[in-house]
Amino acid sequence: MSRWLVRIVLWPWRALARGKRAIRHQTLLKIGLVTVSFFILMALVCGPAGRGRYGLLPFAPPYHPERSYPEFPRLAPPSADHWMGTDHLQRDVFSRVIAGGWAPLAVAFASIAIAMSVGSLIGWISGYVGGWLDRGLSLTMDAIYSFPSMILAIALVAVIGTGITPMIAAISFVYVPTYFRITRAEVLRVREQTFVEAARAVGAPGPRILLRHIAPNTVNAIMAVSSFNIADAILTEAALSFLGYGLPPPAPDWGFDIQNGQRFLQSGYWWLITFPGLMILALSLGFGLIGEGISDMVNPKRRRKKAA
Amino acid sequence: MGLFKYILQRILLTIPMVLILLSVVFLVLRLMPGDPVLAMLGGRNVSPELIEQKRHEMGLDKPLLTQYVEYLGGIFRGDFGKSSRTGRPVLYELFHRLPATLELAIWGMFFASLFGITTGILAATRADHPVDHSVRVFHIGSFALPIFWVGLMLQVIFGVKLGWFPVAGRLGGRYLFTFERITGFYLLDAALQGDGKLVLEVAKHLVLPAVTLGLAQAGLLGRITRASMLEVLDADYVTTARSKGLAERLVVLKHALRNALIPIVTVLGLQFAILMGGAVLTETVFSWPGIAGFLVRSLDARDWFALQGTIAFIGIFIATINLVVDILYSFIDPRVRY
């Protein structure tokens, strides 16, 4: 099992090392990696630092993101003092924006990690065992998969409750079928290959064949989609938080800040929604670009088409 | 396999799928941590007697299996429960709102095709040209768009700052009470009433939400179009058409695009589920009186049966759409039947 963990944790680096020559021309992948690293760094430096404090450095974030400052103007447009303006509660929007990135990141990482573990475990078993178990599981997963994931996530969160953990639970549930399908398809492909037949011929027990011979060969396909799914999960987190199921106020959370800004939109106070939205876009785009780059690297057909 | 047999088989396959989906909805809503009764009564300081009474009223004190059978039976009889917020049957509420959602979805699909297919063709015909690269960036960016934010930004720019389009609802206030609802599709209704001004009014309300929905879907369509076109443009019959001396425009639009459309049409059909998900947020942002908006308002009001009924309805609806798409597809491309 520990070999497994090492394999999964090391996957991105191994993939990069393997594709060192390829990555030199992977502009998309590079931009994506830089963007995502920037956001992770920002979340670590400016996020909550315990006991209601935010930020590891005194100047980042410049003001306390949850506190109303009586000396600040109310709903002031961006200026030298407040780079992204101030909101209706006399808070600094810039501080809220840079402190609010940890929630989408944490929720997206956690929920995709859970969905990946659960989904691929069921997928391995279902694909390997086959028969009625496989049929039943496939039909169930297809039924969930065909349902709009955004609506499912919203409904789940509405039942479970608001906050970080419910969001993680809902989003991971929604993505389980995705990983189940990929893993199962990969197992069916790998199962027919000669090295599996050889393992079976020397009398290796079923669980050993599955864990040692089949499962490792499905990891690439699973990891290749994860980046796209994280990008999508970030949008889902933002949407849930926009609908009011995210972090409880006054904690900074991009989606919820956009909902707050919506009330002042008719008066033309554009800065309340523009900046948090751009952050969501950039973060999701970063993961999308990484996924794009990985697909280019993994799939030689796409690479050739690009070069042609 | 004959066409009839294929259709029959497809329908038979849809039934267990819908049953499973309904069961999953039921189980998830019942077994998830969180008490619907407590949530409905909305607070901590509720007497246990009141909770018990409410639980009894909602039928939640019965054994799980009985509840399950009653729930499935109700759906088969077309009884999706009663909304505690509006006091009307959930099914009535949903059918009343379905045209609004469909109208939005259809026009969203239209804009998605407009942005997606045209840029896809553009990129494929100029492969590895800067045009291709910028289109590709647009397609990737489209996946990363938070749809509710796009809606709000369009509202700020085109509604508030420029004042070109209204930002909410399907009709302006002064038409609200005189508008004659015939089909529920307002654009069609306005046309049927033969009032040009009214058509314009309805169309103006449609533009921003439909573009919002379309922008978020354009990326996927665009990528499929690009890939499909690239493949077709390599085919022998395209070379033949070119060597006959046909104008490039004709080759691309008549010979290549028609054949490239097959995968595009499939994706268009399957995208409907994603579109419904996007519609929840679009309808919320634009105060659009559709199904998805109803769902969100039911959640806010803790309207338990409305939530359960709406989800079941959407599930059945999407399964039906997928079925229809598959059957239509077997007409376009006879190969899938075998």
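Residues numbered from 1 in each chain as written. Chains lettered and ligands numbered in written order. Predicted model: local features only at pLDDT ≥ 70, side-chain atom pairs only at ≥ 80, totals over all residues. Heavy atoms only, no water.

(A) The overall build of chain A, seen in detail. Of regular secondary structure, chain A possesses 14 helices and 0 strands. In terms of its C-alpha atoms, chain A occupies a principal-axis envelope of roughly 80 × 45 × 40 Å. Burial analysis of chain A (308 residues in total) assigns 54% to the buried set. Considering only contacts in chain A between residues 6 or more positions apart, those separated by 24 or more positions represent 67%. As presented, chain A carries roughly 13,900 Å² of accessible surface, and 65% of it is formed by carbon and sulfur atoms. Distance between charge centres in chain A, computed from 29 positive and 16 negative side chains, equals 12 Å. (Helix = DSSP H or I, 4+ residues; strand = E, 2+ residues; numbered from the N terminus. Buried < 20%, exposed > 50% of the residue type's maximum accessible area, 1.4 Å probe, protein only. Contact = heavy atoms within 4.5 Å. Areas by Shrake-Rupley, 256 points an atom, 1.4 Å probe, with all protein chains shown as cover. Lys, Arg positive; Asp, Glu negative; His and termini not counted. Charge placed at Lys NZ, Arg CZ, Asp CG, Glu CD.)

(B) Focus on the overall build of chain B. Across its full length, chain B carries 14 helices and 0 strands. Counting helices and strands in the order they occur from the N terminus, chain B gives α-α-α-α-α-α-α-α-α-α-α-α-α-α. When its C-alpha atoms are laid out on the principal axes, chain B stretches across 85 × 55 × 40 Å. Expressed as a percentage of its 338 residues, the buried residues of chain B come to 51%. Long-range pairs, those at least 24 residues apart, make up 73% of the contacts in chain B between residues at least 6 apart in sequence. When the accessible surface of chain B is totalled, it reaches about 16,000 Å², and 66% of it is carbon and sulfur. Computing the positive centroid from 31 side-chain charges and the negative centroid from 24, chain B places the two 5 Å apart.

(C) Spotlight on the pattern of salt bridges. Counted under the stated rule, the structure contains 12 salt bridges over all chains. Among the salt bridges present, the one from Asp142 of chain A reaches Arg181 of chain A, with a minimum N-O distance of 2.7 Å. Linking Asp142 of chain A in helix 6 (residues 131–146) with Arg181 of chain A in helix 8 (residues 164–191), this pair joins segments that are 39 residues apart in sequence. By relative accessible area, which is 25% here, Asp142 of chain A ends up partly exposed. We classify Arg181 of chain A as partly exposed; its relative accessible area is 35%. Put simply, Glu93 of chain B and Arg97 of chain B hold a salt bridge, and the shortest N to O gap is 2.4 Å. Of this pair, Glu93 of chain B and Arg97 of chain B both sit in helix 5 (residues 90–125), separated by 4 residues, roughly a single helical turn. (Salt bridge = Lys/Arg side-chain N within 4 Å of Asp/Glu carboxyl O.)

(D) Representation of unusual backbone geometry within the structure. Along the chain, Pro249 of chain A connects to Pro250 of chain A via a cis peptide bond; the corresponding omega equals 10°. Within the secondary structure, Pro250 of chain A sits in the loop between helix 11 (219–242) and helix 12 (254–262). Non-glycine residue Gln90 of chain A carries a positive phi angle of around 55°. Secondary-structure assignment places Gln90 of chain A in the loop between helix 3 (27–46) and helix 4 (93–99). The exposure class assigned to Gln90 of chain A is partly exposed, which follows from its relative accessible area of 24%. Positive phi values are uncommon outside glycine, yet Ser287 of chain B reaches one of about 45°. Turning to its location among the elements, Ser287 of chain B is positioned in the loop between helix 12 (272–285) and helix 13 (291–300).

(E) Molecular detail of the nonpolar core. Of all hydrophobic cores here, the largest spans 181 residues; its most connected members are Phe148, Phe272 and Leu307 of chain B. If we ignore the near neighbours within four places in the chain, the residues touching Phe148 of chain B are Ala238, Ala239, Phe242, Ile258 and Ile280 of chain A together with Leu281 and Val285 of chain B. (Core = buried A, V, L, I, M, F, W, Y, C linked by side-chain atoms within 4.5 Å.)

(F) Spotlight on helix 11 (residues 248–270) of chain B. Residues and elements named next belong to chain B. Between the first and last C-alpha of helix 11 there are 31 Å, a value that for 23 residues agrees with the 33 Å anticipated at 1.5 Å per step. Along its length, helix 11 shows its largest kink, about 50°, at Leu257. Among all positions in helix 11, only Val251, Val252, Ala256, Leu257, Ala260, Ile264, Thr266, Val267, Leu268 and Gly269 are buried. Where helix 11 is buried, its residues contact helix 5, helix 9 (196–233), helix 10 (236–243), helix 12 and helix 14 (304–332). (Expected span 1.5 Å × (residues − 1). Bend = angle between axes of the 7 residues up to and from the residue.)

(G) Structural context of the confidence of the model for chain B. Confidence in the prediction of chain B, expressed as mean pLDDT, is 82, and 93% of residues score 70 or more. For this predicted complex, the interface score ipTM comes out at 0.85, alongside a pTM of 0.87. (pLDDT = per-residue confidence, 0-100.)

(H) Representation of the interface of chain B and chain A in the model. Of the residues lining the interface, 49 residues belong to chain B; the matching set on chain A comes to 47 residues. Here chain B meets chain A over a buried area of about 4,300 Å², counting both sides, of which 76% is carbon and sulfur. Looking at the side of chain B facing chain A, the largest losses of area belong to Arg136, Phe148 and Trp149 of chain B, adding up to 14% of the total buried there. Scanning the region where chain B abuts chain A turns up 2 salt bridges. Between Arg223 of chain B and Glu292 of chain A there is a salt bridge, with its nearest N and O atoms 2.7 Å apart. Inspection of the region where chain B meets chain A yields 3 residue pairs in polar contact (both at pLDDT 80 or more). Breaking the side of chain B that touches chain A down by element, the ones donating at least two residues are helix 1 (3–31), helix 6 (130–143), helix 7 (147–161), helix 9, helix 12, helix 13 and helix 14 of chain B. (Buried area = accessible area lost by both parts, 1.4 Å probe. Polar contact = N/O pair within 3.5 Å; in protein donor to acceptor, adjacent residues only side chain to side chain.)

(I) Representation of the packing of aromatic side chains within the structure. Residues and elements named next belong to chain A. Evaluated as defined, the whole model comprises 21 aromatic pairs over all chains. Consider the rings of Phe264 and Tyr269, whose centres lie 6.5 Å apart with planes at 45°: the pair is tilted. In this structure, Arg135 packs its charged tip against the face of Trp132, placed 4.9 Å from the ring centre. (Phe/Tyr/Trp six-rings, centres within 6.5 Å; stacked < 30°, edge-to-face > 60°. Lys NZ or Arg CZ within 6 Å of the ring centre and 35° of its normal.)

(J) Representation of a nonpolar patch on the surface. Where nonpolar side chains cluster on the molecular surface, the patch consists of Phe4, Leu8, Ile11, Leu12, Ile15, Leu19 and Phe76 of chain B and spans about 730 Å² of accessible area. The residue Ile15 of chain B is located in helix 1 in this model. (Patch = residues over 30% accessible without salt bridge, like charges linked within 9 Å, V, L, I, M, F, W, Y side chains within 5 Å.)

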